[in-house]
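Reading the structure
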Amino acid sequence: MIDDLFRRNRAWSIARQERDPDFFPRLARQQRPAYLWIGCADSRVPANEIVGLDPGELFVHRNVANLAPPSDINFLSVLSFAVAVLKVQHVIVCGHYGCGGVRAALLDERNGIVDHWLEPVRGTYRRNAARIEAIGSEADRVNALCEFNVQDRVQDVAATTIIRDAWAAGQKLAIHGWIYGLADGLLRNLDVTVAGLEDS
Ligand code: CO
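Keep in mind that what you see is a predicted model, and the values were worked out from it rather than measured.

**With respect to the nonpolar core**
Core analysis: the biggest nonpolar cluster contains 42 residues, and L36, V91, V157 and I175 have the highest contact counts within it. Elements with a minimum of two residues in this core: β1 (35–40), α4 (73–85), β3 (90–96), α5 (100–106), α7 (119–127), α9 (138–159), α10 (161–168) and β4 (174–180). Among the elements that take part in this core, α9 stands out by supplying 8 residues, more than any other. Apart from the residues within four sequence positions on either side, V91 is in contact with L36, I38, L79, V157, L173, A174, I175 and H176. Core analysis: the second largest hydrophobic core is formed by 8 residues, W37, I92, C94 and W178 among them.

**Quick notes on α7**
Since the α-helix turns once every 3.6 residues, residues separated by three or four places project in the same direction. Those residues of α7 that fall on the buried side of the exposure criterion are V121, R122, G123, T124 and Y125. Tucked inside the fold, the buried residues of α7 contact α5, α6 (114–117), α8 (129–133) and α9.

**What about the packing of aromatic side chains?**
Per the stated rule, a full pass over the model turns up 4 aromatic pairs. The interplanar angle of 75° and the centroid separation of 5.1 Å between the aromatic rings of F23 and F24 together place this pair among those described as edge-to-face. Take F24: its relative accessible area is 24%, and that puts it in the partly exposed class. Plain terms: the ring middles of W37 and W178 are 6.5 Å apart, the flat faces sit at 80° to each other, and that makes the pair edge-to-face. Placement of W37 in strand β1 and of W178 in strand β4 is noted, with a sequence separation of 141 residues between them. Among the aromatic residues, ring-to-ring pairing joins W12, F23 and F24 into one connected group. The ring of F23 carries R16 above its face, with NZ or CZ at 4.1 Å from the centroid.

**Remarks on the coordination of the cobalt ion**
Binding of the cobalt ion to the protein goes through C40 (SG), H96 (NE2) and C99 (SG), at separations of 2.0 to 2.3 Å. We note that the donor set of the cobalt ion lies within a single chain, spaced as C-x55-H-x2-C. Placement of C40 in strand β1 and of C99 in the loop between β3 and α5 is noted, with a sequence separation of 59 residues between them. Each member of the pair, C40 as well as C99, is classed as buried.

**Some details on the domain arrangement of the protein chain**
Partitioning the protein chain into domains gives domain 1 (1–30) and domain 2 (31–189). Each of domain 1 and domain 2 was reduced to a C-alpha centroid, and the two centroids are 29 Å apart. Opposite the 5 residues of domain 1 that make contact, domain 2 presents 5 residues. Both sides of the domain 1 and domain 2 interface together cover about 440 Å² of buried area, and 50% of this is carbon and sulfur. Its largest share of buried area at the contact with domain 2, domain 1 owes to R16, L27 and Q30, together 80% of the area lost on that side. The interface formed by domain 1 and domain 2 holds 1 salt bridge in total. With its nearest N and O atoms 3.1 Å apart, the salt bridge here joins D54 to R16.

**Thoughts on the environment of L190**
With respect to the helices and strands, the residue L190 is situated in the segment after β5 (187–189). Residue classification places L190 among the buried positions, given a relative accessible area of 19%. Considering only alpha carbons, one finds L190 and W178, 12 residues apart in sequence, at a separation of 5.4 Å. Filtering out sequence-adjacent residues up to four positions away, L190 remains in contact with E147, V150, G177, W178 and I179.

**Looking at the pattern of salt bridges**
With the rule as written, the count across this model stands at 14 salt bridges. R7 serves as the salt-bridge partner of D4, at 3.9 Å between the closest nitrogen and oxygen. Here the residue D4 and the residue R7 both occupy positions in helix α1 (residues 2–19), the gap between them amounting to 3 residues, near one helical turn. When its relative accessible area of 26% is taken as the criterion, D4 is described as partly exposed. Between E119 and R126 there is a salt bridge; the shortest N-O distance is 2.7 Å. You can call E119 partly exposed: its relative accessible area is 30%. Via salt bridges that share partners, D20, D22, R26 and R29 belong to a single interconnected network.

What counts as what
- Residues numbered from 1 in each chain as written.
- Predicted model: local features only at pLDDT ≥ 70, side-chain atom pairs only at ≥ 80, totals over all residues.
- Heavy atoms only, no water.
- Core = buried A, V, L, I, M, F, W, Y, C linked by side-chain atoms within 4.5 Å.
- Buried < 20%, exposed > 50% of the residue type's maximum accessible area, 1.4 Å probe, protein only.
- Helix = DSSP H or I, 4+ residues; strand = E, 2+ residues; numbered from the N terminus.
- Contact = heavy atoms within 4.5 Å.
- Phe/Tyr/Trp six-rings, centres within 6.5 Å; stacked < 30°, edge-to-face > 60°.
- Lys NZ or Arg CZ within 6 Å of the ring centre and 35° of its normal.
- Donors = N, O, S within 2.8 Å, 3.2 Å for Na, K, Ca; no water.
- Domains from an automatic or database assignment.
- Buried area = accessible area lost by both parts, 1.4 Å probe.
- Salt bridge = Lys/Arg side-chain N within 4 Å of Asp/Glu carboxyl O.

Written as structure tokens, this is what we have:
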């Protein structure tokens, strides 16, 4: 099984070089992505592939349920590097329908350590419980919470001092909230973009 991955890797590397001989030397010199993607770790939501971007074009951070916790040094390090060094112009928080992490938070399941990680999603549920509980089917309630989760995580990103200081210094930077449909492979814009201190 594992050997197969190396075979696939060699085939991919050769095919890329045949299409564009300078591809790897160019990337080895520098990355200059215009976007930071904050998405779910779910294997069905491959960031670059969904938006048709090549290596070098998308800076990616993924975790369970696409969270942006201000206590997570991993997330903060990625965000800081993306904003201060790479100077990305867009941060995309991308959730997906049918998210297992969101479902676990909604149903208050017990899965171990990840339950602690999912606390921000339970907070989002508590703040929107009336609207979510008015929805008929469980799958639709999960999907509604998936959308509310993206909205709140966009606000979490916008509330970081990393973003607020960048805006205060005049850096152009927009934070977007999108959601991906596993069933059709399509992205939807939730139209919750925050592009400056006056929006947040
Ligand atoms: Co997910």
